[in-house]
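What follows is each chain in one-letter form.
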Amino acid sequence: MVIILTESQYNYIKRRYLQILPIFERELEDQVPAWYNNKFGKNEGFERYYDTVKDSVVEFIMYDIPNFYDLGDENEVEVSKKLSKEFDLIFFDEVRRYYEENR
């Protein structure tokens with residue numbers, strides 16, 4: 001089975017925002033900003049914190065895609081990249097704010 005994401009499907013996170021929000025909020029708390037800040041410093045700490053939160057949320061979303069394991073390797077990477085870009089657009093500012101308040 002091949003899944004092709006069209007432009008309308010690219011809004012996967014937006015369309016499921018209320019379903020994804022609890023996962024996102026849990027990951028913000030589970031990944032402790034102060035630990036990243038203390039270990040890596042302010043800028044690198046944020047980058048590593050952000051990437052960890054994003055990767056985790058995207059992974060949970062991908063598990064939600066029907067027949068995900070039927071995707072070929074290329075499609076899995078492509079889906080992950082598109083979800084990551086969408087995550088950046090929707091959640092970057094909120095992650096930054098949470099990190100700054102809790103480091």
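For the structure, see preceding data.
Keep in mind the model is a prediction, meaning the values are calculated, not measured.

(A) Structural view of the pattern of salt bridges. Applying the stated criterion to the full structure yields seven salt bridges. Across the pair Arg-26 and Asp-30 runs a salt bridge, and its minimum N-O distance is 3.9 Å. Separated by four residues within a single helix, Arg-26 and Asp-30 lie in helix α2 (residues 17–30), roughly one turn from each other. Residue classification places Arg-26 among the partly exposed residues on the basis of a relative accessible area of 36%. On the basis of relative accessible area, Asp-30 is assigned to the partly exposed category, the value being 46%.

(B) Looking closely at the nonpolar core. Core analysis: the biggest nonpolar cluster contains 22 residues, and Phe-24, Leu-83, Phe-87, Phe-91 and Val-95 have the highest contact counts within it. The element that contributes the greatest number of residues to this core is helix α4 (residues 42–64), accounting for eight residues. Here Phe-24 is in contact with Val-53, Val-57, Phe-87, Phe-91, Glu-94 and Val-95, once residues within four sequence places are set aside.

What counts, and at which threshold
- Residues numbered from 1 in each chain as written.
- Predicted model: local features only at pLDDT ≥ 70, side-chain atom pairs only at ≥ 80, totals over all residues.
- Heavy atoms only, no water.
- Salt bridge = Lys/Arg side-chain N within 4 Å of Asp/Glu carboxyl O.
- Helix = DSSP H or I, 4+ residues; strand = E, 2+ residues; numbered from the N terminus.
- Buried < 20%, exposed > 50% of the residue type's maximum accessible area, 1.4 Å probe, protein only.
- Core = buried A, V, L, I, M, F, W, Y, C linked by side-chain atoms within 4.5 Å.
- Contact = heavy atoms within 4.5 Å.

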